[in-house]
Amino acid sequence: MLPEFRSHASVPLAHQLEQRLGLPPLLETGRLDVERVAGIAVLAAAHSDGYAATAHLLGLLAALPAPTDAGERFWSDLWRSSGTAYLLPTNIKELVLRSLAGEGIGLAGQILSAVDEMTPPQRVAAAEVIGQALSESDHLPDLKEQVIGELWLRDLELTAWRVLHADHRSADAAGRNAFIDAWTSI
């Protein structure tokens with residue numbers, strides 16, 4: 001019988017495999033039986049929503065100008081227009097690097113804080129800066145920069161929410177059973 005695991009996306013999958021299945025990090029694959037392979041598959045599936053959302057979050061950031069000398073003007077314009085320093089490369093660098101290792105919850109929280117801090121006019125101004133950068137890099141001349149930027153911001157915000165949501169799903173068996181009971185009683 002396959003084990004049941006709930007996602008804790010902020011804990012790296014390798015750590016979960018070691019903790020829950022007793023698999024050492026350097027285990028030779030020839031020593032895995034079918035039951036352990038099934039356990040690995042279940043754990044990987046439980047983490048997939050969080051990992052996919054984190055990867056998408058990183059993909060959205062990668063679409064922006066790189067935080068190099070060439071992209072310096074973009075980042076300073078974004079800071080001025082958005083009114084928040086939460087998105088500056090120096091403030092998210094460590095969170096981006098952790099996200100590359102599969103731990104996206106910190107980056108997601110920082111992004112949601114940044115979006116929440118913006119006033120409606122700041123959001124519009126930030127969307128224009130982002131849209132201009134994206135239209136130049138993606139060669140999307142037929143779309144208005146404001147529309148491109150607003151769609152990007154919405155996607156960023158919703159993806160950050162998905163990362164947080166995937167991490168905070170209940171691991172509680174009683175909560176899961178209450179959910180099932182509520183739906184079966186309809």
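Small disclaimer: the values here were computed from a predicted structure and weren't measured.

1. Details of the overall build of the protein chain
Then, in step 1: When its secondary structure is counted, the protein chain shows 8 helices and 0 strands.
Then, in step 2: Across the 186 residues in the protein chain, those meeting the buried criterion constitute 34%.
Then, in step 3: In the protein chain, 67% of the contacts between residues at least 6 apart in sequence involve partners at least 24 apart.
Then, in step 4: Accessible surface for the protein chain amounts to roughly 11,000 Å². Of this, 59% is attributable to carbon and sulfur atoms.

2. With respect to the packing of aromatic side chains
Aromatic ring pairs are defined here through the distance separating the ring centres and the angle between the ring planes.
Then, in step 1: Here the structure, examined in full by the defined rule, presents 1 aromatic pair.
Then, in step 2: Relative to tryptophan 75, the ring of phenylalanine 74 has its centre 5.0 Å away and its plane inclined at 80°; by these criteria the two rings are edge-to-face.

3. A look at the side chain of serine 81
Then, in step 1: Relative to the helices and strands, serine 81 is located in helix 3 (residues 72-82).
Then, in step 2: Beyond its immediate chain neighbours, meaning those up to four positions away, serine 81 contacts Gln122, Ala125, Ala126 and Val129.

4. As for the side chain of serine 99
Then, in step 1: Along the chain, serine 99 turns up in helix 4 (residues 89-100).
Then, in step 2: With relative accessibility at 3%, the residue serine 99 sits in the buried group.
Then, in step 3: The contact partners of serine 99, leaving out residues within four places of it in the chain, are Thr54, Leu58, Gly104 and Leu107.

5. Here's the deal with helix 7 (residues 145-167)
Then, in step 1: Between its terminal C-alpha atoms helix 7 stretches 33 Å, which fits the 33 Å expected from 23 residues at 1.5 Å a residue.
Then, in step 2: Residues of helix 7 that are buried include every one of Ile148, Gly149, Glu150, Trp152, Leu153, Leu156, Thr159, Ala160, Val163, Leu164, Ala166 and Asp167, and no others.

6. Remarks on a nonpolar patch on the surface
Then, in step 1: Where nonpolar side chains cluster on the molecular surface, the patch consists of Phe179, Ile180, Trp183 and Ile186 and spans about 510 Å² of accessible area.
Then, in step 2: Within the fold, isoleucine 186 resides in the segment after helix 8 (173-184).

7. Observations regarding the packing of helix 4 against helix 5 (residues 105-117)
Then, in step 1: Running from N to C, helix 4 and helix 5 point in directions that differ by 140°, and their axes come no closer than 7 Å. By the angle class used here, helix 4 and helix 5 are oblique. Contacts from Asn91, Ile92, Leu95, Val96 and Ser99 of helix 4 reach helix 5 at Gly106, Leu107 and Gln110.
Then, in step 2: Its residues assigned to classes, the contact of helix 4 with helix 5 shows 4 nonpolar, 4 polar and no charged.

8. Some details on the pattern of salt bridges
Then, in step 1: Tallying each qualifying case throughout the model produces 5 salt bridges.
Then, in step 2: Across the pair glutamate 150 and arginine 123 runs a salt bridge, and its minimum N-O distance is 3.1 Å. Linking glutamate 150 in helix 7 with arginine 123 in helix 6 (residues 120-138), this pair joins segments that are 27 residues apart in sequence. Here glutamate 150 matches arginine 123 in class, with each residue buried.
Then, in step 3: A salt bridge links arginine 154 to glutamate 150, with the shortest nitrogen-to-oxygen separation between them at 3.5 Å. Here the residue arginine 154 and the residue glutamate 150 both occupy positions in helix 7, the gap between them amounting to 4 residues, near one helical turn.

9. Describing the environment of serine 76
Then, in step 1: With respect to the element layout, serine 76 can be found in helix 3.
Then, in step 2: Overall, the relative accessible area of 23% leaves serine 76 in the partly exposed class.
Then, in step 3: When the C-alpha atoms of serine 76 and leucine 88 are compared, they prove to be 8.2 Å apart, with 12 residues separating the residues in sequence.
Then, in step 4: A polar side-chain atom of serine 76 sits 3.0 Å from the main-chain carbonyl oxygen of arginine 73.

Scoring rules and cut-offs
Residues numbered from 1 in each chain as written. Predicted model: local features only at pLDDT ≥ 70, side-chain atom pairs only at ≥ 80, totals over all residues. Heavy atoms only, no water. Helix = DSSP H or I, 4+ residues; strand = E, 2+ residues; numbered from the N terminus. Buried < 20%, exposed > 50% of the residue type's maximum accessible area, 1.4 Å probe, protein only. Contact = heavy atoms within 4.5 Å. Areas by Shrake-Rupley, 256 points an atom, 1.4 Å probe, with all protein chains shown as cover. Phe/Tyr/Trp six-rings, centres within 6.5 Å; stacked < 30°, edge-to-face > 60°. Expected span 1.5 Å × (residues − 1). Patch = residues over 30% accessible without salt bridge, like charges linked within 9 Å, V, L, I, M, F, W, Y side chains within 5 Å. Salt bridge = Lys/Arg side-chain N within 4 Å of Asp/Glu carboxyl O. Axes fitted to C-alpha atoms, helices over the stretch in contact; angles between N-to-C directions. Parallel < 35°, antiparallel > 145°, perpendicular 65-115°, else oblique. Nonpolar A, V, L, I, M, F, W, Y, C, P; charged D, E, K, R; others polar. Polar contact = N/O pair within 3.5 Å; in protein donor to acceptor, adjacent residues only side chain to side chain.

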